[in-house]
Amino acid sequence: QEKRDPLVIVGTGLAGYNLAREFRKLDSDTPILLISADDGAFYSKPLLSASLSHGKTAQELSQTSAEEMARGLDAEILVHTRVADINPDTKSLTIRQETGEHTAKIRYDRLVLATGAHCRPLPRIEGDAHSRLFRINNLGDYHRFRTALVGQKQVLLIGAGLIGCEFANDLIQAGFSVEVVDPLKWPLASLLPEEAGQDLQSALENQGVRFHCGCSVLAIRRTPQGLEAPLDSGESLKADIALAALGLQANTSLAEMAGLEVKRGITVNRQLQTSDPNIFALGDCAEVDGHQLFFVAPLIACARALAKTLSGQPTSVRYAAIPIAVKTTLRPTTVCPPRPDTKGSWQVDSGSEGVHAEFRNQAGKLLGFALTGAAITARNRLSAECAPLMN
Ligand code: FAD
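Residues numbered from 1 in each chain as written. Predicted model: local features only at pLDDT ≥ 70, side-chain atom pairs only at ≥ 80, totals over all residues. Heavy atoms only, no water.

Student: Could you give an account of the overall build of the chain, naming the residues involved and the relevant values?
Tutor: In terms of helices and strands, the chain carries nine helices and 25 strands. The globule rule puts the C-alpha radius of gyration for 391 residues at 21 Å, and the 22 Å found for the chain is close to it. Overall, the C-alpha framework of the chain stretches about 70 × 60 × 35 Å when taken along its three principal axes. Looking at the 391 residues of the chain, the share that counts as buried comes to 51%. Across the chain, the fraction of contacts at a sequence separation of at least 24, relative to all contacts at a separation of at least 6, is 60%. Surface accessibility of the chain: about 18200 Å² in total, with carbon and sulfur atoms responsible for 48%. (Helix = DSSP H or I, 4+ residues; strand = E, 2+ residues; numbered from the N terminus. Rg over C-alpha atoms; globule rule 2.2 N^0.38 Å. Buried < 20%, exposed > 50% of the residue type's maximum accessible area, 1.4 Å probe, protein only. Contact = heavy atoms within 4.5 Å. Areas by Shrake-Rupley, 256 points an atom, 1.4 Å probe, with all protein chains shown as cover.)

Student: With reference to specific residues and values, describe the pairing of strand β7 (residues 110-113).
Tutor: Bridge count for strand β1 (residues 7-10) against β7 is four bridges, and the pairing is parallel. Each bridged residue has a counterpart across the sheet, and for isoleucine 9 the counterpart in β7 is valine 112. Across three bridges, β7 lies against strand β19 (residues 279-281) in parallel orientation. Across the sheet, leucine 111 pairs through a bridge with isoleucine 279, a residue of β19. (Pairing = 2+ DSSP bridges.)

Student: For the packing of aromatic side chains, give the residues involved together with the corresponding values.
Tutor: A full pass over the atoms with the stated rule returns three aromatic pairs. Ring geometry for tyrosine 17 and phenylalanine 42: centres 5.9 Å apart, planes at 55°, overall tilted. Separated by 25 residues along the polypeptide, tyrosine 17 in helix α1 (residues 14-26) and phenylalanine 42 in the loop between β2 (32-35) and α2 (58-61) bring together distant segments of the chain. Comparing tyrosine 17 with phenylalanine 42 shows no difference in burial state: the two are buried. (Phe/Tyr/Trp six-rings, centres within 6.5 Å; stacked < 30°, edge-to-face > 60°.)

Student: Give a detailed account of unusual backbone geometry, specifying residues and quantitative values.
Tutor: Backbone geometry at histidine 80 places phi at a positive 45°, although glycine is not the residue there. Mapped onto the fold, histidine 80 is located in the loop between β3 (76-78) and β4 (81-87). Residue classification places histidine 80 among the partly exposed positions, given a relative accessible area of 36%. Phi at lysine 91 is positive, roughly 50°, even though this residue is not glycine.

Student: Quick one: what's the story with helix α8 (residues 296-310), residue by residue and with numbers?
Tutor: With 15 residues, α8 extends 21 Å from end C-alpha to end C-alpha; this agrees with the ideal 21 Å at 1.5 Å per step. Of the residues making up α8, those classed as buried are Pro298, Leu299, Cys302, Ala303, Ala305, Leu306, Ala307, Thr309 and Leu310. Turning to α8, the residues buried within the fold contact β1, α1, β7, β19 and β20 (286-288). Count one or two residues on from α8 and you reach glycine 312, which has phi positive near 105°. (Expected span 1.5 Å × (residues − 1).)

What is shown is where atoms sit, not what they do.
So, in structure tokens, the structure goes:
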């Protein structure tokens, strides 16, 4: 009997592995082939911004090797192997091993892209010290940064969004001094109303973090003592090492080269199907019915729905309200941001115990919320009341 072409999944992040796991629960026969540009170790990416203070090495964060994953999933996994191109007409792709020029063709029955996202390009920052400026979006990045931190004291953090604030919380507790610079007026300004952002800022400042909001870094220059970073406010900061946390951009180049429809992410419908009926996408690389969300909860919902679709029960994904626990342990914060461009307003109740903010429309419907400190106990009640992100 001729061997069946496999279900091929490109990417072994949370999206790729969750899909493989969900699919195996429903189908134990179809061959699965996972292909990864990295070493294929399973790890929880959210831990990258909460592990320095626990002294965790990259190796300790990598929970299960690719070999063990292959055994557990009854799948073949090709590691350190990059998919170079896809040919939807012949249902085949070209792979290239990281070491050397060796390429090979692989045929797929169905193909899933779970290629993640990369760090957004830096804004223009002058200077001769870019080798001391780090970004973190995978275990390798974490390893590089953690190694470079040895013997250093002062960290300049560029970006006070979700990941920037989590690193500020982690680095200060790991014993570093931390300066945070962000052009917006308060931390997490694109997600939190001002009172909640200020509340988080004060809690981190009480532990020693210094915020420079409403400013941008103009340059990073080497000095005999370390680094110097002039800001557009006229101030100049000193540091030993810098970390930029400026958000992500979907990895769409493979899909674009294959002629698939791409907007901010790889365009998929609610069945996670791209413009080619045999190719699907989920996770950070995908834009699902217009929603681009770089979080774990939506990719888990997508993995469950797609596993059903791929095993013969076409299933549309739906997103409930998605509350995000910001890992700022010094001031626990939960945010369920309203959809961008939604009409409504924040109603904020702040006290020393925390901030409770609800985003409602004119009819009084709850469309989002933000909670800090003791107020986070309202999370489950508000999540149940909040309008789903996608019905
Ligand atoms: P990735 O994990 O990026 O995986 C992509 C995979 O594709 C990799 O295996 C890569 O090697 C492979 N790949 C890419 N291109 C190719 C190619 N051409 N050929 C072969 N392989 C390829 N979300 C939350 O919900 N809560 C949090 O608290 C939270 N904290 C976070 C903290 C940090 C520091 C970061 C960076 C993210 C955080 N997130 C959080 C976001 C969340 O971790 C991501 O949404 C999620 O991990 C994305 O998974 P993914 O599988 O889509 O992508």
